Each structure stands twice: as structure tokens, then as C-alpha cells.
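Listed here are the chains, written in short residue letters.
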Amino acid sequence: MSMSVKTHSFFRNLLHKRSVDSQLDAEYDSCFEMLVAEKIAAGVPVHEARRVARIELGGADQVKESVRDVRAGAAFETFLQDVRFGARMIRRNLGFSLLVIVTLALGIGANTAIFSVVYGVLLRPLPYARGSDLIVLHQQATKANIPNVPFSVKEIEDYRSSPALAGVVEYHSMSFLLLSKDSAERVQTGVVSHNFFDVLGVKPLLGRTFLPSDESPNADAVLVLSYNYWQQHLGGDPKIVGRVFEMNDRPHTVIGVLPPIPQYPAENDVYMPTSACPYRSSKAFIQNRKSRMMTAFARLKPGVSLEAAQANLSLIAHRLETTYPDVYPKQYGYGLAADSLRADLTNRAHVTLLILLAVAGFVLLIACANVANLMLSRMLKREREFAVRSALGASKARIIRQLLTEAVLLSLAGGVLGLLLAPPALAVLVRFTARFTTRAAEVGVDWHVLIFTLLVSVFAGLLFGVAPAISSGSQLADALKQGAAQTSSSRDRQHLRSFLIVTQVAISFLLLIGAGLMLRTLWNMQQTDPGFGPDHLLTMRLSPNFNSTTTNAKLTDLTHELLRRVRSVSGVESAAMASNFPFNPGGIVGGPGNNEFEIEGRPESKGEVAPTVDTDSASPGFFETIRQPLIVGRTLQEEDDVPKAPLVAVINQSMAHHRWPTGDAIGKRVSFDHGEHWVQIVGIVGDVKEYGITRAVGDEMYLPPSQSGYGGWLVVRTARDPESMGSLVKAAVHSFDSQIAIDHMNSVDRLQQESFAPTRTIAILMGIFAALAVLISATGIAGVMALSISQRTRELGVRMALGQSKSSLIRMLVRHGLALAVAGTILGIGGALVLGQLLSSLLYHTSTHDVATFALVSLLFLVVATVACMLPARRITRIDPCNALRQE
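Attention here is on the structure that accompanies the text. The model shown is predicted, which means the values in this text are computed figures rather than measured ones.

**Looking at the overall build of the chain**
Move 1: A count of helices and strands for the chain gives 28 helices and 23 strands.
Move 2: Taking all 888 residues of the chain together, 50% fall into the buried category.
Move 3: Contacts spanning at least 24 positions in sequence make up 81% of the contacts within the chain whose residues lie at least 6 apart.
Move 4: Of the roughly 40500 Å² of accessible surface on the chain, a fraction of 58% belongs to carbon and sulfur atoms.

**As for unusual backbone geometry**
Move 1: Despite not being glycine, Arg130 shows a phi value in the positive range, around 45°.
Move 2: With respect to the secondary-structure elements, Arg130 resides in the loop between helix H5 (94-123) and strand E1 (134-141).
Move 3: Positive phi values are uncommon outside glycine, yet Lys644 reaches one of about 65°.
Move 4: Here Lys644 lies in the loop between strand E17 (630-633) and strand E18 (648-652).

**Here we look at the packing of H5 against helix H13 (residues 396-433)**
Move 1: The contact between H5 and H13 brings their axes to 5 Å, and the two run at 40°. When the axes of H5 and H13 are compared, the pair comes out oblique. For H5 against H13, the interelement crossing comes out right-handed.
Move 2: Here the contact of H5 with H13 is built from residues that sort into 20 nonpolar, nine polar and no charged.

**Here we look at the packing of aromatic side chains**
Move 1: Taken as a whole and assessed by the stated rule, the structure comprises 19 aromatic pairs.
Move 2: When the ring of Phe196 is compared with that of Tyr271, the centres are 5.8 Å apart and the planes differ by 35°; the resulting orientation is tilted. You can see Phe196 sitting in helix H7 (residues 196-200) and its partner Tyr271 sitting in strand E9 (residues 270-273), a full 75 residues away along the chain.
Move 3: With a relative accessible area of 1%, Tyr271 lands in the buried category.
Move 4: Plain terms: the ring middles of Tyr227 and Trp230 are 5.8 Å apart, the flat faces sit at 65° to each other, and that makes the pair edge-to-face. Note that Tyr227 and Trp230 are positioned in helix H8 (residues 227-234) at a spacing of three residues, about one turn of the helix.
Move 5: Residue classification places Tyr227 among the partly exposed positions, given a relative accessible area of 25%.
Move 6: Under the relative-accessibility criterion, Trp230 is labelled buried at 7%.
Move 7: In textbook terms, an aromatic cluster arises when at least three aromatic residues are bridged by ring pairs, as seen for Tyr171, Phe196, Phe197, Phe210, Tyr271 and Phe297.
Move 8: Above the face of the Tyr324 ring, Arg289 is positioned so that its terminal group lies 4.0 Å from the ring centre.

**Quick notes on the nonpolar core**
Move 1: Ranked by size, the top nonpolar core spans 67 residues in total, and within it Leu511, Met766 and Ile781 carry the most contacts.
Move 2: Elements with a contribution of two residues or more to this core: H5, helix H12 (350-391), H13, helix H16 (491-527), helix H24 (757-791), helix H25 (793-801), helix H26 (806-839) and helix H27 (851-873).
Move 3: No other element matches the 14 residues that H24 contributes to this core.
Move 4: Aside from chain neighbours lying at most four places away, what touches Ile781 is Ile501, Val505, Ala821, Ala865, Ala868 and Cys869.
Move 5: Counting 26 residues, the second largest nonpolar core, distinct from the first, contains Val648, Val650, Val685 and Trp713.

**A look at the sheet that holds strand E22 (residues 713-718)**
Move 1: Pairing within the open sheet is antiparallel, and its four strands lie in the order E13-E22-E12-E23. Edge positions in the open sheet fall to strand E13 (572-578) and strand E23 (741-747), since each of these has one partner strand only. Across the sheet, the mean angle separating the axes of adjacent strands is 20° when strand polarity is ignored.
Move 2: Both strand E12 (residues 537-543) and E23 contribute to a ladder of five bridges, which runs antiparallel. Across the sheet, Ser543 pairs through a bridge with Ala741, a residue of E23.
Move 3: In this fold helix H17 (residues 552-567) packs onto E12, E13 and E22, with an angle of close to 160° to the strand it touches most, E13.
Move 4: With respect to the sheet, helix H22 (residues 726-736) is in contact with E12, E13, E22 and E23, its orientation differing from that of E23 by roughly 155°.

**As for the environment of Ile789**
Move 1: Mapped onto the fold, Ile789 is located in helix H24.
Move 2: Its relative accessible area of 3% is what places Ile789 among the buried residues.
Move 3: Along the backbone, Ile789 and Leu813 are 24 residues apart, and their C-alpha atoms lie at a distance of 8.3 Å.

**Quick look at a nonpolar patch on the surface**
Move 1: Nonpolar side chains collect at one region of the surface, where Leu859, Val863, Val867 and Leu871 lie side by side and expose about 380 Å² of accessible area between them.
Move 2: Along the chain, Val863 falls in helix H27.

**Considering the environment of Ala338**
Move 1: Looking at where Ala338 falls in the secondary structure, it is placed in strand E11 (residues 334-340).
Move 2: When the C-alpha atoms of Ala338 and Ile135 are compared, they prove to be 6.4 Å apart, with 203 residues separating the residues in sequence.
Move 3: Residues contacting Ala338, with those up to four places away along its chain left out, are Ile135, Val136, Leu137, Leu306, Gln310 and Leu313.

**A look at empty space enclosed by the protein**
Move 1: According to the stated counting rule, one finds five cavities of 30 Å³ or more in the structure shown.
Move 2: Put simply, the largest cavity is a space of about 60 Å³.
Move 3: By residue number, the principal contributor to the lining of the largest cavity is H7, which donates three residues.
Move 4: Split by residue class, the lining of the largest cavity holds 10 nonpolar, one polar and no charged.

Criteria and cut-off values
Residues numbered from 1 in each chain as written. Predicted model: local features only at pLDDT ≥ 70, side-chain atom pairs only at ≥ 80, totals over all residues. Heavy atoms only, no water. Helix = DSSP H or I, 4+ residues; strand = E, 2+ residues; numbered from the N terminus. Buried < 20%, exposed > 50% of the residue type's maximum accessible area, 1.4 Å probe, protein only. Contact = heavy atoms within 4.5 Å. Areas by Shrake-Rupley, 256 points an atom, 1.4 Å probe, with all protein chains shown as cover. Axes fitted to C-alpha atoms, helices over the stretch in contact; angles between N-to-C directions. Parallel < 35°, antiparallel > 145°, perpendicular 65-115°, else oblique. Left-handed = near helix turned anticlockwise from the far one by under 90°. Nonpolar A, V, L, I, M, F, W, Y, C, P; charged D, E, K, R; others polar. Phe/Tyr/Trp six-rings, centres within 6.5 Å; stacked < 30°, edge-to-face > 60°. Lys NZ or Arg CZ within 6 Å of the ring centre and 35° of its normal. Core = buried A, V, L, I, M, F, W, Y, C linked by side-chain atoms within 4.5 Å. Pairing = 2+ DSSP bridges. Patch = residues over 30% accessible without salt bridge, like charges linked within 9 Å, V, L, I, M, F, W, Y side chains within 5 Å. Salt bridge = Lys/Arg side-chain N within 4 Å of Asp/Glu carboxyl O. 1 Å grid on protein atoms, 1.4 Å probe; cavity = no way out; pocket = protein on both sides within 12 Å on 5 of 7 lines; lining within 4 Å. Points joined across faces, edges and corners; volume = space filled by probe spheres on them.

Structural data, given as C-alpha cells:
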């Protein structure tokens, strides 16, 4: 055969065959050299021979491109064949397929819902321009254990001089009355510097934000509305810009509306510049370095790292400590810490969300293990099919690829169903997360979540499909010699199924322990005595017009008259006013105050940190209304709450033991102004869990409103359902003054239950995940037992024919299943101890290795495993020994 004929034959075979030789490049080089040699032998010069050979062969690139097209076409067609065949197998085994899809959907749906929250809260970029450059400033008194000291105007001005920062912003939030002709509405108002929205990089939806001129002392008062307030209270009026409201006895003009973004550091109804706030704009407040109530954050200059900014800010803090030793005493350990805005927004939710994501991941892992076991069992019915395909020329790699394709198709179907199941769970998670961060508003199912679901689905398919696929060819030779109904699994496959069951049990036990610890924590919280009687208590916030009630005497008279009218309402047993009350949501978030005081006869030593106490304003009758027990002395009386009355206070038991451990605190005096005025202690009351069940009780002091200021919170004890009394109490208040704004009306019982909500939600979610895991594991154990019995039918029949009782056979089989459960439980105990450490920050009066929880969960799990073993084991009662002997 001539070289030209060989060349054309090579190309014809190359371009038409579907299987391309892996030595193609070597063959091309060989053909090229042989063709050149043929031309030279015919008298063609060497360089011309090589040129002509390249033309005839078409060039290596062209050949290789043709080969790539052939390979791609063959691979794509093979893939389509696998997909079509896999879809037919799924339809042919519809019951099995639906079981697998539903099992996977539960795991994938849970992961999708939780990842949506994790991405929206922890991973999504901040909805601000260059959000990674935004930082939060925290003044600290480290030696006094005060991690977050508010800023004064002077301190913010000092830190604005930092060369590391492009802008420093101040913020604080107050409640003001928005007045109309016949009503009053209390609005939460963010008081901010003019560059607040510029530093955040927030552009208004309507109108404009603040300008430097808006912050000048004589500027007209202006407002920027939040998106939610504009929509919910003003109907989304597109002509709202330019509308005038009255606030603080001044007309305020709306100049803009914000877009729907999470607000930092808290949600507000409206925003005003610092010049419009009567407190912040006073000269006395501005000049006093100790007048602190603001939060500060800033934007880093381009190219400046957080570490470099921290170093520069620490130098400024050290300079302030040195320059103003009376303001920043050495014994307090003054300093300044900078943290990223993203971390500050999410630090309260970070650990909890990651724990829930890990738990959901474990559920998916259990689901994959269970499905892998189901598919291993199904392999027994398909071994003859694979053996025939192998005998007909199918490679083991092709069979494995086919099985993996089927597995991925099933998992993708599970992912689609999981996406449909995710929204209800996501709604619960969003409400839960909103308690910890304003970023909960950003949570939703977007393309990031869809990609995550796709990847998880594919990963799950590969994960549960790889073991059956690899084991598919282990007994193909023997399978052809046996009937399909008589094939048996290899010992390796049995070990693999047992390993999967042990893994499921271990993870299920771990999740059940986590749920048990959280339920134990919830039980402990509910059984803890809060120190008062929360039943039949109604609370609401009353906000009078402070511009017309300007003096302390007028506020005292207002309080007395309000209480007189409320107490006259039918069904009201008692009423009082206070600045705070137990389980107040705002109090729980803000925590107790730290007011420095001096104890008479105990002058502070040089360099000693002054004692601090949390002070509350409480009108006479407050302790009786909430049923806070009196330990010794007396409570506050009407004669204490009048101008120029002797200064008195009531303290809680913790303060009495803490400050006067060896003597009686009654009659002792304290001062909050370095001895200018002394307050005498006249009573000691029991400790109350004012700031939530889980927070330790600190030192508390209660002062009458006449000497501590207007309380603002009305607390009413009712003879019937407190919530049914709300309208009557509200009418009594408005009969005195229709412009008193009333909001945050709640029963204390409900607030107490809501304070448990984060723990309850975590416990419920973990309980649901654990229940799913246990159910999946139980079905896995039952499935393995049923398969084992079906494989050993002849053996068990022979045993019965030889005289072994059915009860002993059942015990033998149950022992085998329980051995797997016990092995998994032992492994799970180790994992549960690790999980307990991760949950330690969420536990209350519950040990991470709580013996009762471990014992109860172990017993429950073994009972479930026993039932899962017994149900299939009872099938041996239907085995006929005579048939078994005939088969032998």
C-alpha cells in the first residue's frame, strides 16, 4: 500500500470513528515523516517535500481540532445517553425514586434555608458604597470592665483629626413626638451628623440627604424618612418631600426618603441633623467632654488597613488620657478599639447561625448515607444487568459513570423539591435572625442561594452515589451464573452498609444530644424564678409633650394625675410608672447602666475604680404592682415623690450583699455627685431578673421620679386578661391629655415568653433536625435488617427446620441491629461532647456533658433502634422451613 493510500485511510478512519486513539499525536508525526520520505524518494527537494506534506495532512492544528470535535461530540452523546437511561430508570422505579427524592429534599431544603440566612447576614457585601472600608469605634474602660463607653461631642471631634479616617460620623437615637391637630405619634429618631449618609454611601430614594448647612445652629429643621416609615405610616406618598411636620415645637420639613436598606446601628423612623435635637444642640452638652451618649463610626482612607487605623486611633486615645487625666483616670484603662462594620452588625448572630448551618449539614450527610444504603441494597437487583452490560463490552468506568449520573439526577430532583420546601423555614429563620441584626431584612433566595443549592445537590448525588457505583463491578462475573433473585452481596458491601448505618446513628445521636441540651436550657429558663409576678401585668410607653412639660415639678404632677386616672379604671388593681421594668425588650438589648457612686464613710483611694450601680426611676407602688418582695425596711412612699423631699432609695438584695456584706444597708447613704447630695437607703427588695433570665443580677437602685426624672413606662396590674384592658387604660390616659403618645403596649407574660424566643427557636430547629435524623437512621437500620433477612431466608429456614426457635432467631437478628446502633451511639457520644462545647455560650444552667440528657437520649435512641430492628425481624415468622429445605 502506498503512503498516500495509507494517509487517506488514516484520515477516513480518524474523522468517522467514535473512539479516538490516545496515540494520535504520535501517529500524526509518523505519517508526516513517512510522507516526507516518500516525496524525497520521488526527487522532491527536502524543504518542498515538508511543505507539500503539511498541505496534504492539513496541519497539526487542523487535525487536532478535528479530533477535539470528534471527542467532544462522542462525550456529549455519551452523556445524553447516560441522562436518558438514568431518567428511564428513575421512572421505572418510581417508588424508590420518590423515597430518595423526598429524603434528599428534606436535607437540601434545610441547608438552602439556613444558607440563605448565613449568606444574607454574614457573607453578603454591605449595602453601602465600599462597605468593607466602614469601621465602628468603641471607647473602652478595660480595667473597669466597660467595653463600650458612649462618645461625647468633644471626643468625636478629637478622632476626626485622625489621618487614617476619611470621615467620622456620630449617631444617637431618641424618641420624639410627631404632632398633628388631634393626635400624637411617637417616632424613633436618629440624630446624626450631616455627613452620616455620605460616609455610608447611601443615596436617597426621593429628595436629598443632609448638607453641612443643615447642621448650623440657626438652620431650618429638616427630616429624612426611613423607607419603612414612609411606606407604613405615610402610605408611600410620592409627594412627601416638602411636607411639614411639627416636632419639639418646631416645624420640620421632609427633604428626603431613604431606600429600603438595613439601617445602622438600629432601625429608626426618621432622621434629623444634630442641630435639631434639643439635647445634642445645647452648648452645655457640646462643651462637656463627659456628656456622652453618641455612637461613632468612620470610613477608612483608601489604602489604610484596619490595623494601621487601630494603631493611629490608639495613639489619639493615649494622648487624650494624658491630656485630660480627670476625664480619663488611669485606673479605668481608657482605650479605643476599631472593628469592621460588618462584624459589628453580625457579631450577635454569628455563632448561632454557623451552628445551625453545621446541624443542617449533618442532616444532609445522614440523608446521603441513608440513600447510599438504599442504593447499595438496590444494587442486588441490578447486578445481573451490569454483568450483562459488562459482557457486551461496557467498561467498568462507563457503568460507574452511569450510576453517578442516576444519582445526580435524583439529587437534582431533591434539590428542586428542597427549594420548594425552603421558603416556610426561611420565614421562621428571618424572624429569628431579626432579633440579632438589622441585616435580616436582606435575607432572600437569590442567584447565590440557587448556585449553592445546585452545588449541594450535585455534591450530594456524587456523595451517596460513589459507594454503590464503585461496588457495582465487584461480583459481575458471578452474577451471570446466578439468578437475579439469588444474588448476594459481598462481605465488603455488607461492611460498607454497616459503616453507613453506624455513621448515621453517630450523627443522629450527636444532633439529638444538641437538641436535648437546648431543650434542657429552655426548661431551666422557664423554671427560673424571675423574682416578681409577671402574670396580669400590662405595660405601655407614655410620651408627653416635653416642650409644654418642661420642669421636673410639672412632670411629677403629670405622673401623679396619670396614675390617679389609670387606677380608677374598672379592672385595674394597681399602677405605677418606671423608667424600666423586667423583660423590657429595650432594656434587655441595652443592658444595665453603670452610674458611679460613692458610699458615705468609704472615700475612694487614689487609683481605685469607683463603684457603679444601675439606677431605675420607680414611682410609689411600683414594687407592689409587679410584686417584687420587700426584704427589709420599706418601699417608696407618696411623700418621697414630691419636690424637696429627703433623697431616698431602695436597693436590691444583690447590692446589699455586695456593698454591705457584714452589716445592715438600711440607713446608709450614697452620693452620685461627689458628696454634694446624699441619698439614704430606706429599703431592700428581692432580686429581679430585669434584663432577662440568663443575665446575672447586678446591683440595682430604685429612686422616686421626683429625684430621678420621668419614668415613661406605665405598669398596670389587672384583675383580668391584661391585653383586654389596653383600650380602657389608653382611653383613661387620653382623657387627661390627648397628645400623650402611647406605644409598645404588651403584657409582661408575653414579653417573658418572647425573651425565651431565641433559645426556643434554636431548640425547636435542632429538635426538628434531630427528629429527621433519627427517623432517617431508624429507616436505615430497618432497611438493612430487612435486606439481611431476605438474603438469609434459606439459612434461617434451615435453622428453624433443625429446631431453633423463632424467638431466638429474632433475638439474634435484633442483637445484630442493636450492635450497629450501640457502635454509632458510642461514636456519637464523642461528637456530642464537642458539640456541647460549641453550644456552651447558648446554654443556661446546663452542663455541656449533662448526664441526665446523655442518659435520656441514649435510652431513647436504643428504644428507637430496637423497634427499627424488631419490625423487619418479625418477618422470619413467615418463613416456611420446608420450602427452605427444598431449595437446599
